[in-house]
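What follows is the residue order along each chain.
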Amino acid sequence: MFYEDTIVGLHLEPTSKCNAKCPQCPRNVFGSSHLLDNLEEVDFPIHLIDQIDIPEINDILINGNYGDIIMHDEPKELIDALVKKWGARKEQPTIRIHTNGGALKKVFWEYLGRLGLEVEFGIDGITNEEHALYRQNTRLDKVLENAKAFINSGGEARWAMTLFKHNQDSLDIAKQMSKDLGFKGFLSRPSTRFSHFTVNKQKVGAVLNDDFSVKHWLQPINEDDLPDNLSSVSKSIQREYQKQYESGHIISRRKDSKITSTKVDCRAKRLSRVYVSARGRVTPCCYLERIHKWDDDCKLLGVDPNFNSLYENKISEILKHEFWDLLNKSIENKKVLSTCGNACGI
């Protein structure tokens, strides 16, 4: 049995659409307008909430692999449906939202504030220019305007800052800004998504234009400055991704589905949480519902990858599928999917 206790947590991806073009997000090709192969931009259908037949949930996290709730066609109606079925904050459950906060009018954020929800805003700088080096297509002033509307209406806001070399020296100022604006919490975390490009033996991030030329570079915190002239490296990257684009298949994320000998601490299993994606698929966590790996992961376990659709079955029926026992046995035997090993290996 995968879940030893009743499921009490729901992680819901509201949509696979997003207004931002963050270069290390798996939905796009390094900040360009090119999307991940096979990614369909869809909203989670509100009527499918009826298929989530879990009577009591203590925690709902609205966040996804690919999208942001502010791009759902009916974000207020989605929240209304969740609140109607399971309640709101300070009653049960806690509804938490992770967002870039860079869209919609103040009236939406005031509505969320009146519900008393918790919203974590991804804010990665103290000026529009600094913030947009990673959170492309968003403006800091718009995000802070929406955050203030939320806070002033009774919402509990948290500021989440992803750290790079270009913004690490702004950390203390950002913390003070968050206090002055009324944020209830502040968290920072260095980016660890530097696995694709190397310059002078240093792992870096390349931010690409739509023609795959390099727009600018991202570096981990505390690294030495890059050389001034990187034109040869930039041209090499551009040629490689133009070639892939012309072939009709861009490899921008590692696809390493295999079985590995790893001990894992499965957070979804331990916390009795389940993930539901915008396309209506049910998995233990967001890591397993990566569209470029899911089919291959299921093939390794010997199961049909289409077993977990809410369009076909309620969650209670999906949880009866052999997939869950096979996944549990792989954890017990320490012969796990590399997806699990990479995410939860200990």
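In what follows, the accompanying structure is described. This one's a predicted model, so the numbers in the text were calculated from it and none came from an experiment. (Residues numbered from 1 in each chain as written. Predicted model: local features only at pLDDT ≥ 70, side-chain atom pairs only at ≥ 80, totals over all residues. Heavy atoms only, no water.)

### Some details on the overall build of the chain
Alright, step 1. Tallying secondary structure elements over the chain gives eleven helices and 13 strands in all.
Alright, step 2. Here the C-alpha atoms of the chain give a radius of gyration of 21 Å, agreeing with the 20 Å that 2.2 N^0.38 yields for 346 residues.
Alright, step 3. Along the three orthogonal principal directions, the C-alpha set of the chain runs to about 60 × 50 × 35 Å.
Alright, step 4. Long-range pairs, those at least 24 residues apart, make up 73% of the contacts in the chain between residues at least 6 apart in sequence.
Alright, step 5. When the accessible surface of the chain is split by element, carbon and sulfur atoms take 46% of a total near 16,400 Å². (Helix = DSSP H or I, 4+ residues; strand = E, 2+ residues; numbered from the N terminus. Rg over C-alpha atoms; globule rule 2.2 N^0.38 Å. Contact = heavy atoms within 4.5 Å. Areas by Shrake-Rupley, 256 points an atom, 1.4 Å probe, with all protein chains shown as cover.)

### What about the state of the cysteines?
Alright, step 1. On inspection of all chains with the given rule, the structure shows zero disulfides.
Alright, step 2. Here Cys285 stays free of any disulfide, with the sulfur of Cys286 as its closest cysteine sulfur at 5.7 Å.
Alright, step 3. Not part of a disulfide, Cys298 finds its nearest cysteine sulfur in Cys340, a span of 11 Å.
Alright, step 4. Looking at Cys298, the relative accessible area reads 0%, which means it is buried. (Disulfide = S-S within 2.5 Å. Buried < 20%, exposed > 50% of the residue type's maximum accessible area, 1.4 Å probe, protein only.)

### Describing the sheet that holds strand β8 (residues 202–208)
Adjacent strands of a sheet pair through backbone hydrogen bonds, lying either parallel or antiparallel.
Alright, step 1. Taken in spatial order, the three strands make up an open sheet running β7-β8-β9, and their pairing is antiparallel. Looking at strand neighbours, the two that pair on one side only are β7 (197–199) and β9 (214–218), the edges of this open sheet. On average, each strand axis in the sheet is tilted by 50° relative to the strand beside it, whichever way the strands run.
Alright, step 2. Bridge count between β7 and β8: three bridges; the pairing is antiparallel. What sits directly across from Val199, in β8, is Gln202.
Alright, step 3. The strands touched by helix α6 (residues 231–247) within the sheet are β7, β8 and β9, with β9 carrying the most contacts at an inclination of about 115°. (Pairing = 2+ DSSP bridges. Axes fitted to C-alpha atoms, helices over the stretch in contact; angles between N-to-C directions.)

### Remarks on the layout of surface pockets
Alright, step 1. For the second largest pocket, the calculated volume is near 340 Å³.
Alright, step 2. Taken together, 18 residues make up the lining of the second largest pocket; nearest its centre are Asn38, Glu40, Arg279, Glu289 and Ile291. (1 Å grid on protein atoms, 1.4 Å probe; cavity = no way out; pocket = protein on both sides within 12 Å on 5 of 7 lines; lining within 4 Å. Points joined across faces, edges and corners; volume = space filled by probe spheres on them.)

### Considerations on the packing of helix α1 (residues 75–86) against helix α2 (residues 106–115)
Alright, step 1. Following both chains from N to C, one finds α1 and α2 inclined at 15°, their axes separated by 11 Å at the closest point. Our classification of the angle between α1 and α2 gives roughly parallel. When you trace α1 past α2, the crossing you get is left-handed. From α1, Pro75, Lys76, Ile79, Asp80 and Val83 reach across to α2, where they touch Phe108, Tyr111, Leu112 and Leu115.
Alright, step 2. Tallied by class, residues from the contact of α1 with α2 come to seven nonpolar, no polar and two charged. (Parallel < 35°, antiparallel > 145°, perpendicular 65-115°, else oblique. Left-handed = near helix turned anticlockwise from the far one by under 90°. Nonpolar A, V, L, I, M, F, W, Y, C, P; charged D, E, K, R; others polar.)

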